[in-house]
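Examination of the molecular architecture
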Amino acid sequence: MYWTLAVCLIIVAVVLALAVATTSKAYAHKHTVVDPLPEERGSGQQAGPKQPQ
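This text gives an overview of the structure that appears in the document. Keep in mind it's a predicted model, so treat the numbers as computed, not measured.

**Here we look at the overall build of the chain**
Scanning the chain from terminus to terminus reveals one helix and zero strands. For the chain, the residues scored as buried account for 0% of the 53 residues in total. Accessible surface, the chain: about 5800 Å² in total, of which carbon and sulfur atoms supply 66%.

Set out below in structure tokens:
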């Protein structure tokens, strides 16, 4: 019984360590590609859905 408990605790510790490592790496990732801001919205593009007139 103690052998099974030890194996289960080791598996849980490994899964927890991997989850913490991947989350830490994801937060450390620096995003460099960003969509450019639109120049002006009045030149043929609407800001939102069409409004009834």
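**Some points on a nonpolar patch on the surface**
A cluster of nonpolar side chains, contributed by Trp 3, Val 7, Ile 11 and Val 15, occupies part of the molecular surface with about 440 Å² of accessible area. Secondary-structure assignment places Val 7 in helix H1 (residues 2–28). Residue class for Val 7 comes out partly exposed when judged on its relative accessible area of 34%.

Rules behind the numbers
- Residues numbered from 1 in each chain as written.
- Predicted model: local features only at pLDDT ≥ 70, side-chain atom pairs only at ≥ 80, totals over all residues.
- Heavy atoms only, no water.
- Helix = DSSP H or I, 4+ residues; strand = E, 2+ residues; numbered from the N terminus.
- Buried < 20%, exposed > 50% of the residue type's maximum accessible area, 1.4 Å probe, protein only.
- Areas by Shrake-Rupley, 256 points an atom, 1.4 Å probe, with all protein chains shown as cover.
- Patch = residues over 30% accessible without salt bridge, like charges linked within 9 Å, V, L, I, M, F, W, Y side chains within 5 Å.
- Salt bridge = Lys/Arg side-chain N within 4 Å of Asp/Glu carboxyl O.

Fair warning: the whole summary comes from geometry, so function is off the table for now.
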